[in-house]
Amino acid sequence: MTMLETRSLLEYFKDAVEKASQDLDVEISQLAQFYLVDLLSRYAHAAPLQEPEWGERDKSFAQALLESYGVSSGKRARILRQIGDTTLFVSGFFSDSFQRRLVDIDYYAAIGSTAYRSLESLLAARIVDWGFEGVFQELSEKFLRLVDLLAEIGDTSGWQHAGGILRIYERWLKTKSPRDRRLLRQMGIMPIDESSPDLLH
């Protein structure tokens, strides 16, 4: 890949992140926006998915997260970052593939959010110094909103196929995603929150 192609890819992702965050009304800091653009450019190539920091590719994220406590701080930080980044990327771009698995998007969101929060703790304690203070806490707190943001980028760029109505509704039930609510309403479905006081029993 040439320097020009790399620059164009970064510019494309920068524009895509800005547009999706405006369209979905997702407020993120400049540093978090920069981080997402970098994440997308890294995951545009298959290497981060094929070469996990924790070694074995068939190891679950939960197992890798648990085992990260037994390694050096530097390696643990890299593992936590890759768990967070991978679960965010996969949840945003490939959430429809979860319907054939035992775990769903809420599982990946919980794992990814925990990984980012743990990484932020390492940075806050100055155990690791990457210069991203605050970003991983923001990614942790807004994880599901950022999944929406990546899904929006995937939809508008044609990177993922549209899921069926039932799949979108199932995903909304698990995440209460504003984006999925909007998609359902566009299809003529009015999602009802079970906690709503207007719901008659």
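Refer to the structure printed above.
What comes next is a walk through the structure. (Residues numbered from 1 in each chain as written. Predicted model: local features only at pLDDT ≥ 70, side-chain atom pairs only at ≥ 80, totals over all residues. Heavy atoms only, no water.)

**Some points on the overall build of the protein chain**
Now for step 1: Along the protein chain, the regular secondary structure elements total 10 helices and zero strands.
Now for step 2: Its helices and strands in sequence order give the protein chain the pattern α-α-α-α-α-α-α-α-α-α, from N to C terminus.
Now for step 3: The burial tally for the protein chain puts 43% of its 201 residues in the buried class.
Now for step 4: Long-range contacts, defined as pairs at least 24 residues apart, comprise 66% of the intrachain contacts of the protein chain with a sequence gap of at least 6.
Now for step 5: Summed over all atoms, the accessible surface of the protein chain reaches about 11000 Å², with 54% contributed by carbon and sulfur. (Helix = DSSP H or I, 4+ residues; strand = E, 2+ residues; numbered from the N terminus. Buried < 20%, exposed > 50% of the residue type's maximum accessible area, 1.4 Å probe, protein only. Contact = heavy atoms within 4.5 Å. Areas by Shrake-Rupley, 256 points an atom, 1.4 Å probe, with all protein chains shown as cover.)

**Some points on the pattern of salt bridges**
Now for step 1: What the rule picks out here adds up to 14 salt bridges.
Now for step 2: For K142, the salt bridge is made with E138, and the minimal N-O distance between the two is 3.3 Å.
Now for step 3: Taking the relative accessible area as the measure of exposure, K142 reaches 26% and is therefore partly exposed.
Now for step 4: The structure contains a network of salt bridges with shared partners spanning E152, D155, R179, D180 and R182. (Salt bridge = Lys/Arg side-chain N within 4 Å of Asp/Glu carboxyl O.)

**What about the side chain of D85?**
Now for step 1: With respect to the element layout, D85 can be found in helix α5 (residues 73-93).
Now for step 2: A distance of 2.5 Å separates polar atoms of two side chains, one belonging to D85 and the other to Y116.
Now for step 3: Apart from the residues within four sequence positions on either side, D85 is in contact with Y35, L39, R42, Y43 and Y116. (Polar contact = N/O pair within 3.5 Å; in protein donor to acceptor, adjacent residues only side chain to side chain.)

**Description of the packing of aromatic side chains**
Now for step 1: Taken as a whole and judged by the stated rule, the model has nine aromatic pairs.
Now for step 2: Taken together, a centroid distance of 5.1 Å and an interplanar angle of 35 degrees make the contact between Y43 and F89 tilted. One end of the pair, Y43, is in helix α2 (residues 30-43); the other, F89, is in helix α5, and 46 residues separate them in sequence. For the pair Y43 and F89, one class covers both residues: buried.
Now for step 3: In textbook terms, an aromatic cluster arises when at least three aromatic residues are bridged by ring pairs, as seen for Y35, Y116, F136 and F143.
Now for step 4: Over the ring of Y69 we find R76; its NZ or CZ atom is 4.0 Å from the centre of that ring. (Phe/Tyr/Trp six-rings, centres within 6.5 Å; stacked < 30°, edge-to-face > 60°. Lys NZ or Arg CZ within 6 Å of the ring centre and 35° of its normal.)

**Overview of helix α6 (residues 105-124)**
Now for step 1: Over its 20 residues, α6 extends 28 Å from the first C-alpha to the last, a length consistent with the 28 Å expected when each residue adds 1.5 Å.
Now for step 2: Immediately beyond the C-terminal end of α6, within one or two residues, lies R126, with a positive phi of roughly 60 degrees. (Expected span 1.5 Å × (residues − 1).)

**Side note on the packing of α5 against α6**
Now for step 1: Between α5 and α6, whose axes approach to 8 Å, the crossing angle comes to 145 degrees. Here α5 runs over α6; the crossing is left-handed. Residues S73, R76, A77, L80, R81, I83, G84, D85, T87, L88 and S91 of α5 form the contact with α6, whose participating residues are I105, Y108, I111, G112, A115, Y116, S118, L119 and L122.
Now for step 2: In terms of residue class, the contact of α5 with α6 is built from 11 nonpolar, six polar and three charged. (Axes fitted to C-alpha atoms, helices over the stretch in contact; angles between N-to-C directions. Left-handed = near helix turned anticlockwise from the far one by under 90°. Nonpolar A, V, L, I, M, F, W, Y, C, P; charged D, E, K, R; others polar.)

**Side note on the side chain of T175**
Now for step 1: With respect to the helices, strands and loops of the structure, T175 is situated in helix α9 (residues 165-175).
Now for step 2: For T175, the contacting residues outside a window of four places in its chain are I105, L144 and D180.

**Describing the nonpolar core**
Now for step 1: Counting 46 residues, the largest nonpolar core has I83, L88, L149 and I153 as the members making the most contacts within it.
Now for step 2: For this core, the secondary structure elements donating two or more residues are α1 (3-23), α2, α4 (61-67), α5, α6, α7 (135-141) and α8 (143-157).
Now for step 3: At nine residues, α6 tops the list of elements feeding residues into this core.
Now for step 4: Excluding its chain neighbours within four sequence positions, the residues that come into contact with I83 are W54, F61, A64, L65, I111 and A115. (Core = buried A, V, L, I, M, F, W, Y, C linked by side-chain atoms within 4.5 Å.)

**Re empty space enclosed by the protein**
Now for step 1: This model, assessed by the stated rule, comprises one cavity of 30 Å³ or more.
Now for step 2: Put simply, the largest cavity is a space of about 80 Å³.
Now for step 3: Only α8, α9 and α10 (178-186) provide two or more residues apiece to the lining of the largest cavity.
Now for step 4: Of the residues forming the lining of the largest cavity, the biggest block, four residues, is contributed by α8.
Now for step 5: Looking at the lining of the largest cavity residue by residue, the class counts come to four nonpolar, four polar and four charged. (1 Å grid on protein atoms, 1.4 Å probe; cavity = no way out; pocket = protein on both sides within 12 Å on 5 of 7 lines; lining within 4 Å. Points joined across faces, edges and corners; volume = space filled by probe spheres on them.)

So, to be careful, I would describe these as geometric facts and stop short of saying anything about function.
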